[in-house]
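# Observations on chain architecture
Below, each chain spelled out in residue letters.
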Amino acid sequence: VPDAPVDDILKAACGVNTEGYTHQALFYFPLRGGFQALTDGVRRGVQHPIHMQTPVESVRKTADGWRVNDVDFDLVVNTIALPELAPRFEGLPPDVAADIAALEPVSLVNVLVGMKADKPLQDLSWIYLPFEDQGVTNRLTFFSNYSPLNAPEGHTSYMAEATYRGNLDVSQDWIDQLVSGLEHAGVLRRSDVTVTEHWKSRYAYIDQNIEFPARIQRVREWFDASGMLTVGRFGRYEYHNSDQCIMRAFEAVKQIETLSQSGIVEPFVFS
Ligand SMILES: Cc1cc2nc3c(=O)[nH]c(=O)nc-3n(C[C@H](O)[C@H](O)[C@H](O)COP(=O)(O)OP(=O)(O)OC[C@H]3O[C@@H](n4cnc5c(N)ncnc54)[C@H](O)[C@@H]3O)c2cc1C
């Protein structure tokens, strides 16, 4: 799924080793609270009032700003997925709405697998499981290696990911198949598994089909000219990891500062 550099694809096809995404070779993970700890930390540092747990139900451009739900704002920065924004955005031109409707995401289910264990997991961060007999998991994260608190004493945990399109019924049978696949891949013993929990994410990866570049270009151009900033993995439909989303947020802040100094709403420009 990643938008790999063509050079890397050609080298790999000829059997030449490539280094891949070296910018993610070293990373930090919170000891407590999982990845959520990052956004919680950012929130604690913000001195302005923030409304949490407030779903955006409607967005509308007004004569001198924006109206979100029933509140007026000078500026809106969107990070929700464009297909979720479109039905809430009053007055979205039909051609832009049609382009957004065609942006089908690749979805994903995360399955946390907890196991009793008398030794730590292999010293790995994650592995890919590309073969059919390894089951439905495409990537397996060695989750209790990220933080010892990601499993209770005497236990370890994996985070298995399986991608899908459209709908997926995550039944107990399906979970059993996933665990069997992992057993077949040699990474666990079924009898050690004490718990499984799953979570589905409709928006996980971007389907970069042939029409995608032209389609998303039109959508981004329309939003950038509209005076609304739209950023984020699915807010801008860029195949960005969290570090790149944060870099985009810094770019957005620069644009907001420029706008607040000049007061003139120019089309937003991103690198
Ligand atoms: C399984 C998985 C594994 C990943 N692993 C990594 C990794 O190892 N390293 C890495 O760097 N990146 C990873 N990523 C990517 C990373 O998670 C994303 O790039 C990043 O979280 C995107 O941030 P965002 O702010 O654009 O979107 P999100 O974090 O998705 O934020 C969008 C927010 O909008 C909210 N929202 C939706 N609808 C509404 C509404 N109507 N009103 C108000 N709010 C709404 C959602 O609740 C959500 O909080 C992974 C992603 C997935 C799915």
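Note: the structure precedes this text.
Here is a short report on the structure shown in this document. Note that this is a predicted model, so its numbers are computed, not measured.

### Quick word on the site of the ligand
- Around the ligand there are 16 residues in total, and Val56, Gly232, Arg233, His240 and Ser242 lie nearest to it.
- Here Arg233 contributes a backbone N or O atom positioned 2.7 Å from an oxygen atom of the ligand.
- Of the residues that constitute the shell around the ligand, the class distribution is five nonpolar, seven polar and four charged.
- Both domain 1 (36-103 + 208-262) and domain 2 (105-206) contribute no fewer than three residues apiece to the shell around the ligand.

### Considerations on the sheet that holds strand β6 (residues 126-128)
- Strand order in the open sheet formed by five strands is β6-β7-β8-β5-β9, and the pairing between neighbours is antiparallel. Each having just a single partner strand, β6 and β9 (193-206) make up the two edges of the open sheet. On average, adjacent strands in this sheet sit at an angle of 20° to one another, irrespective of strand direction.
- Pairing of strand β5 (residues 105-116) with β9 involves 10 bridges; the strand directions are antiparallel. Across the sheet, Asn110 pairs through a bridge with Trp199, a residue of β9.
- Across the sheet, helix α6 (residues 172-184) lies against β5, β7 (139-141), β8 (155-164) and β9, angled at about 70° from β5, the strand it touches most.

### Here's the deal with the packing of helix α4 (residues 94-101) against helix α7 (residues 212-226)
- Closest axis-to-axis distance for the α4/α7 pair is 9 Å, and the angle between their directions is 135°. When the interaxial angle is binned, α4 and α7 end up oblique. Crossing hand, α4 versus α7: left-handed. In this structure, α4 uses Val96, Asp99 and Ile100 to contact α7, whose residues at the interface are Arg215, Arg218, Val219, Trp222 and Phe223.
- Residues of the contact of α4 with α7, tallied by class, amount to five nonpolar, no polar and three charged.

### Remarks on α7
- When the terminal C-alpha atoms of α7 are compared, their 21 Å separation across 15 residues agrees well with the 21 Å that a helix rising 1.5 Å per residue should span.
- Those residues of α7 that fall on the buried side of the exposure criterion are Phe212, Arg215, Ile216, Val219, Arg220, Phe223, Asp224 and Ser226. When α7 is viewed along its axis, its buried side chains cluster within an angular range of 155° and face the same direction.
- Its buried side turned inward, α7 meets β1 (59-62), β2 (65-68), α3 (82-85), α4, β9 and β10 (229-230).

Parameters and conventions
- Residues numbered from 1 in each chain as written.
- Predicted model: local features only at pLDDT ≥ 70, side-chain atom pairs only at ≥ 80, totals over all residues.
- Heavy atoms only, no water.
- Near = heavy atom within 4 Å.
- Polar contact = N/O pair within 3.5 Å; in protein donor to acceptor, adjacent residues only side chain to side chain.
- Nonpolar A, V, L, I, M, F, W, Y, C, P; charged D, E, K, R; others polar.
- Domains from an automatic or database assignment.
- Pairing = 2+ DSSP bridges.
- Helix = DSSP H or I, 4+ residues; strand = E, 2+ residues; numbered from the N terminus.
- Axes fitted to C-alpha atoms, helices over the stretch in contact; angles between N-to-C directions.
- Contact = heavy atoms within 4.5 Å.
- Parallel < 35°, antiparallel > 145°, perpendicular 65-115°, else oblique.
- Left-handed = near helix turned anticlockwise from the far one by under 90°.
- Expected span 1.5 Å × (residues − 1).
- Buried < 20%, exposed > 50% of the residue type's maximum accessible area, 1.4 Å probe, protein only.
- Arc of directions from axis to C-beta.

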